[in-house]
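Observations on the three-dimensional arrangement
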Amino acid sequence: MIFNAREIASGHTIDADLCIIGAGAVGIAMALEFDGTNKKVAIIESGGFEFDSTTQNLYKGYNIGRPTYPLERNRLRYFGGTTNHWAGHNRPFDAFDFSVRDWIPHSGWPISFEEYEPYLMRTQPILELGKYDYDSAEDYAKELGLPTLPLDNNRFISVLKHQSPPTRFGTKYRQQIKQSKNVTVYLYSNVLELNSNASASHVTSASIAVIDGPSYTLKAKEFVLATGGLENPRIMLLSNKSAPDGLGNSHGLVGRFYTDHILIRPALDISLSRTDLDFRFYTDLHTINGGKVFGIMTVPDVLTRREKLTRFRFHLYNVAPMYDRPIGGVFSNIDGVPETAAAPLTKGRGTYISVHMAMEPIPNPDTFARLSDELDLLGQRKLEVNWQVSDRERANAHRAIELCALEFARMGYGRAYAPILEDPEKWPPNFTSGKHHSGTTRMSDTPKTGVVDRNCKVFDVDNLYVTGSSIFPTISHTNPTLNLVALSLRLADHLKEKML
Amino acid sequence: MNFSSITCTRRDVLKLVATSTTVTLLSGVTSGCGLWKNDIEQAAQRMIELINYPDRAREMAAIHVARSPELQQLSYKQWTRKLLDVLEIDPENITKGTLNSLHSRLREQIKQDFVNENVVIVNKWMLSDTELKLFSLATSYTES
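Summary of the structure given here. (Residues numbered from 1 in each chain as written. Chains lettered and ligands numbered in written order. Predicted model: local features only at pLDDT ≥ 70, side-chain atom pairs only at ≥ 80, totals over all residues.)

Let's shift gears to the overall build of chain B. The helix and strand inventory of chain B stands at eight helices and two strands. In sequence order, chain B lays out its α and β elements as α-α-α-α-α-α-α-β-β-α. The proportion of buried residues among the 144 residues of chain B is 38%. Within chain B, counting contacts between residues at least 6 apart in sequence, those at least 24 apart form 65% of the total. (Helix = DSSP H or I, 4+ residues; strand = E, 2+ residues; numbered from the N terminus. Buried ≥ 20, exposed ≤ 12 C-beta atoms within 10 Å, placed from the backbone. Contact = placed C-beta atoms within 7 Å.)

Each partner contributes to the interface: chain B provides 19 residues, whereas chain A provides 22 residues. Elements that contribute at least two residues to the side of chain B that touches chain A include exactly α4 (54-66), α7 (96-116) and β2 (125-128) of chain B. Per element, the largest residue contribution to the side of chain B that touches chain A is five residues, and it comes from α7(B). Tallied by class, the residues present in the side of chain B that touches chain A amount to 12 nonpolar, one polar and six charged. (Nonpolar A, V, L, I, M, F, W, Y, C, P; charged D, E, K, R; others polar.)

On to the sheet that holds strand β16 (residues 368-375) of chain A, then. Residue and element names in this part refer to chain A. The strand order across the open sheet built from three strands is β4-β17-β16, with neighbouring strands paired in mixed fashion. Each of the sheet's edge strands pairs with one partner strand only, and the pair in question is β4 (61-63) and β16. Going from strand to strand, the sheet's axes swing by 25° on average, the running direction of each strand aside. Sheet topology note: the β4/strand β17 (residues 381-386) ladder contains three bridges and is parallel. Opposite Asn63, over in β17, you have Val385 as the bridge partner. (Pairing = 2+ DSSP bridges. Axes fitted to C-alpha atoms, helices over the stretch in contact; angles between N-to-C directions.)

What follows concerns the pairing of strand β8 (residues 190-196) of chain A. Residues and elements named next belong to chain A. Bridge count between β8 and strand β9 (residues 203-209): six bridges; the pairing is antiparallel. Along β9, the bridge assignment pairs Val191 with Ile208. Counted between consecutive antiparallel strands, the loop separating β8 from β9 contains six residues, among which Ala200 sits at a positive phi close to 60°.

So, on to the nonpolar core. The biggest cluster of nonpolar side chains holds 89 residues, and the ones touching the most others in it are Leu268(A), Met357(A), Ile401(A), Ala405(A), Met47(B) and Leu137(B). Broken down by element, the residue count for this core peaks at eight residues, all from helix α11 (residues 391-410) of chain A. If we skip the residues at most four places from it in the chain, Met357(A) touches Leu263(A), Ile264(A), Ala267(A), Phe312(A), Phe314(A), Ala400(A) and Ile401(A). By size, the runner-up hydrophobic cluster in this structure holds 85 residues, among which are Val41(A), Tyr186(A), Ala209(A) and Ile475(A). (Core = buried A, V, L, I, M, F, W, Y, C linked by C-beta atoms within 7 Å.)

A few words on unusual backbone geometry. The phi torsion of most residues other than glycine is negative, and most of the peptide bonds are trans. All names here are of chain A. With an omega dihedral of 5°, the bond running from Pro165 to Pro166 counts as a cis peptide bond. Here Pro166 shows up in the loop between β6 (157-163) and α6 (169-172). The omega torsion of the bond from Arg265 to Pro266 falls at 0°, within 30 degrees of zero and hence cis. Tracing the backbone shows Pro266 in strand β11 (residues 262-272). In the Ramachandran plot, His106 falls in the positive-phi region, its phi being about 65° despite a non-glycine side chain. Here His106 lies in the loop between α3 (95-98) and α4 (113-126). In this structure, Asp212 is a non-glycine residue whose phi angle is positive, near 55°. Judged by the 9 C-beta atoms lying within 10 Å of it, Asp212 falls in the exposed class.

Attention shifts here to the environment of Pro166(A). All names here are of chain A. With 18 C-beta atoms counted inside 10 Å, the residue Pro166 sits in the partly exposed group. Along the primary structure Pro166 and Ile44 are separated by 122 residues, whereas in three dimensions their C-alpha atoms are 23 Å apart. With residues up to four places along the chain from it excluded, the contact list for Pro166 reads Thr83, Trp86, Ala87 and Gly88.

Here you go:
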C-alpha cells in the first residue's frame, strides 16, 4: 500500500511491527523481504513520487571541510531515493576488503565475506544484473571476441563491473509495494526524531511531520534507519531527548569517520604509440550472461599488501585528453609498433585513452557529519560535514597513478600524462569526492569502535538498526549500491529471524 | 613513420658511399649508413633511427636537460657512451652484430625501465630514463 500522509489527521498514531525510515534502494529492498508476511511494515518516505525542491532542500547543510558537492545536490529525497539518478555501476566488496589490514588504521569488518556473499547473489536480480560473476574478465572478453589488456598480473588485473539499467527503485518496485497487504509506504513523511525510553535503550516511536501538513507518530517494535550516509547519523543525533548526545552516541562516534571515495577524473591520459588497439572491452557496455558488463583495471591484493596501499580502480574512456600536444607517435618505433599501426602525432580519436581513478580513502575519525546550529524548514538542525583528505591518501593516489602509467608504457601502448606525476605534493585539479557518503555509523565489534554491531543493530539500543553506506567501516574502491542492498537483505534475514 | 632529419643524413652518406672507390676496401669492416664514421658515430646514428618525430623528441630532451646543467655540456659522443653503457656494450668493441642489435636492445631496455621504474617526469609525461637519454643524444647529435 502507498499512503499520502497529508491525509493523516494531526496527532494520529500509527502502529507497525517494523518501521523502515527511507524508501530508497535499501528501504524498499528490505521492505519487500517482508511482503506477504504477517508483519505490518511501515516505510516512512520524506518525498512523493516526483522531485520537489522544497522537500529536497531539507537536505541542505554545510561543507566545512574540503570543498565538495552541496549536500542537497548529490542525493535525492523522494520515493526511490538516490536510485532516481543513480548511474548503475556495480561491483562487490571482496574478501580482502573485509580483512584487517595492519597498514590501514580502523580497517576490518566484524563480518566475513563468506557470510556476506550469499546476499550479493540475492541482490543481482533486484538490481537487474546478470549472472553473479565479477572476476572472469578474461573469459567474458574471450566470449565477446574482444581483447583484454596484456597486463602484468603482479601489478594489475582486469575485472568486471556490472551495469544496472539502472534500476529506479521507485518505479520498478512501486506496483509491488502498492499491491502489498502488509507493507505500507507513507509519503511526504519526515522523521523529526526517534523517541526512546528514559535510558535511551529502546526506541518507542518516531515523530513525523509533513511539510505544511499534519504531524503524527509511528509506533513500532523494530526501527530501521535507511536514509543514507548523512541522514542516518543526522536522525540519530536529532533524537536527543533521552540521550543528550543522540541515540547510540555514548562514545561520540555517530557521524564520525565520515568518508567518501576519492575520484580523479581523469587521473592520467595515455598518448598512444599505436592505433591498432582495441579498448572496447573496457570502454563499452557488453550484453552477456543475462546482464551488461564492462571491464576495469584494478590491482591484485598482493600488490596492495606489498606497497601498503588502499584499494583503487581505473576506468578507461574515449574522452578527449588533458594534454595539448600528444607525444605517443614519437614512441611508435621504440614500442616496436608495426609500421601500419604507428600513431601520428595528432590528437585524433584512437590516439589516446583517458584513465579515470576511484580510490579507497583511509578511515579517519577526525572527519565527521554533525549538527549545525542552523535550522531547516521543519525546525531541525541542519548538518555540517567535514570531509578531509590526507597527505597519505595523496601519496597513495600518486603511487596508484604512477603504477598505471608504468603499466601502459611497459605494455608498449604509449606514454602517460598526469599532473600529479609532476607534482606529487599537490592534488590534481580534477580531484573530487565520489558522492558516496559513508562510514558515519560504522559497523564494529565493540561500541568503542563503532555504532552498529555485526547485525546492524545500534549498540545499547535493543530495537534500532541502521543500514546503508553509513555502516561501512571501509569502502574499498567500488560503488556502494550493490553492497548496501546486500547488507540490507542480510539485515532483513536477521529481523525476520527475530520477528517471525 | 617519420624519419625526416635522420633519413636525410643516411641518404647523404649512402650517396657518398656509392661513388667512392674505397667502398670495396671498407665494406668488410662495417656495414650500414656509417661506413665513413667511427664506431661511436655509427652507433649514435643507428640508435637515433629509433625515434619517430625527432623534433618533438628533442623538445622533451631540451626540457629535461635544461633542468640539469651538467647534462647540457654533454656531446653526442658522451651521450652515446652513456647509452652504450646502459646497454652494457663496450664502446671500444662495437661490431656489426652490436650495431644490428642496437634497436632491439634499446627497445628491451626501455621496456625494462618501466618495469624497474627507472623513469623521469618531463612536463607531466612519464618517460623512461633510457629513452630520454636517446632523445638527448638526438639533440646533441643534430647540434654537433
